[in-house]
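Listed below are the residues making up each chain.
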Amino acid sequence: MLEEFIVQAKSATYVGGGSKSRTSTRKGSHDLTYRQGEWDYIDSYFGGTDFIGQEVVWHEGVALWAMNYYGRILRPDMIDGTIAGRVIQASLSALYQEGRFLGGFIHHVGELVYVDTNAGEARSFTGIERIYRGGVETYRLDYHGGMIKP
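Residues numbered from 1 in each chain as written. Predicted model: local features only at pLDDT ≥ 70, side-chain atom pairs only at ≥ 80, totals over all residues. Heavy atoms only, no water.

## Notes on the overall build of the chain
This is how it is decided: A run of H or I in DSSP becomes a helix once it reaches four residues, and a run of E becomes a strand once it reaches two; helices and strands are each numbered from the N terminus. Computation of the radius of gyration draws on C-alpha atoms, with the globule rule given as 2.2 Å multiplied by the number of residues to the power 0.38. When accessible area is computed with a 1.4 Å probe and restricted to protein chains, residues below 20% of their type maximum are described as buried, those above 50% as exposed, and intermediate ones as partly exposed. Contacts between residues were defined by any pair of non-hydrogen atoms, one from each residue, lying within 4.5 Å. Note on areas: Shrake-Rupley, 1.4 Å probe, and residue coverage restricted to the protein chains presented here. Working convention for charge: Lys and Arg count positive, Asp and Glu count negative, and His plus the chain ends are omitted. We put the charge of a Lys on NZ, of an Arg on CZ, of an Asp on CG and of a Glu on CD.
Regarding its fold elements, the chain presents two helices and eight strands. Its helices and strands in sequence order give the chain the pattern α-β-β-β-β-α-β-β-β-β, from N to C terminus. Here the C-alpha radius of gyration of the chain, 15 Å, is about what a compact globule of 150 residues would show, namely 15 Å. Evaluated residue by residue, the chain yields a buried proportion of 42% over its 150 residues. When contacts within the chain are restricted to residue pairs at least 6 apart in sequence, long-range pairs at least 24 apart make up 39% of them. Roughly 7900 Å² of accessible area belongs to the chain as shown, and the carbon and sulfur atoms make up 52% of that amount. The positive charge centre, built from 15 side chains, and the negative charge centre, built from 18, are 4 Å apart in the chain.

## Overview of the packing of aromatic side chains
Short version of the rule: Each Phe, Tyr or Trp ring, with Trp reduced to its six-membered ring, pairs with another whose centre is within 6.5 Å; inter-plane angles below 30 degrees give stacked pairs, above 60 give edge-to-face pairs, and intermediate values give tilted ones.
This structure, assessed with the given rule, holds seven aromatic pairs. The interplanar angle of 40° and the centroid separation of 5.6 Å between the aromatic rings of Phe5 and Tyr34 together place this pair among those described as tilted. Residue Phe5 is located in helix α1 (residues 2-12), and its partner Tyr34 is located in strand β1 (residues 30-36); the two are separated by 29 residues in the primary sequence. Given a relative accessible area of 22%, Tyr34 falls into the partly exposed group. Members of the aromatic cluster, each reached through a chain of ring pairs, are Trp65, Phe101, Phe125 and Tyr143.

## Remarks on unusual backbone geometry
Within the chain, Glu60 stands out as a residue other than glycine whose phi angle is a positive 50°. Take Glu60: its relative accessible area is 54%, and that puts it in the exposed class.

## Observations concerning the side chain of Thr13
Our working definition: Counted as a polar contact is a pair of N or O atoms within 3.5 Å, where, for protein atoms, one must be capable of donating a hydrogen and the other of accepting one, and residues adjacent in sequence contribute only when both atoms are in side chains.
Within the secondary structure layout, Thr13 lies in the loop between α1 and β1. On the basis of relative accessible area, Thr13 is assigned to the buried category, the value being 2%. Here the side chain of Thr13 touches Ala9 through a polar contact of 2.8 Å, landing on its backbone oxygen. Those residues in contact with Thr13, other than ones at most four positions away along the chain, are Gly18, Leu32, Thr33, Tyr34 and Tyr41.

## Regarding the nonpolar core
We count it as follows: Among buried residues, the Ala, Val, Leu, Ile, Met, Phe, Trp, Tyr and Cys ones that are joined through side-chain atoms within 4.5 Å form a nonpolar core.
In terms of nonpolar packing, the biggest core is built from 36 residues, with Val57, Trp65, Phe101, Ile131 and Tyr139 touching the most fellow members. Here this core takes seven residues from helix α2 (residues 81-97), the largest share from any one element. Sequence-distant contacts of Ile131, defined by excluding residues within four places in its chain, comprise Ile79, Ala84, Val87, Ile88, Leu112, Val113, Tyr114, Val136, Glu137, Thr138 and Tyr139.

## Regarding the environment of Met67
Secondary-structure assignment places Met67 in strand β4 (residues 62-73). The class for Met67 is buried, based on a relative accessible area of 7%. Excluding residues that lie within four positions of it along the chain, Met67 makes contacts with Lys10, Gly53, Gln54, Glu55, Phe125, Tyr143, His144 and Gly145.

The analysis is restricted to geometry; functional conclusions fall outside its scope.
So this is what it looks like as structure tokens:
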């Protein structure tokens, strides 16, 4: 159920164009929230073109899973934040339609190629999300996460 909920939450928030919370959980953060029954999810991040954030899942009020990430534009002469965002949303939407968020993925959006590589599984994982243009890495996001034990 956890992995299914994570995919639903990710699909409904950033990828699905979910609205940002009006009040931030931390000063200056942008927060995207999702709730289904006893499950809650918050994606809280800072920045824009270059950004850092954390996703957390709670079940019955207890935090049990989290992921941290840091993304940035490497080649502003080849891609900007708006284009990178469109590529990421289209690519992750296609990935989530497969019912997963890990396991590696390659997706083409016009001349841009989205590549996600990772190791591990939902309990403990690390990964890198990249966008290439003409074989040149233009964007990169590093992420890691897993289960939380109280």
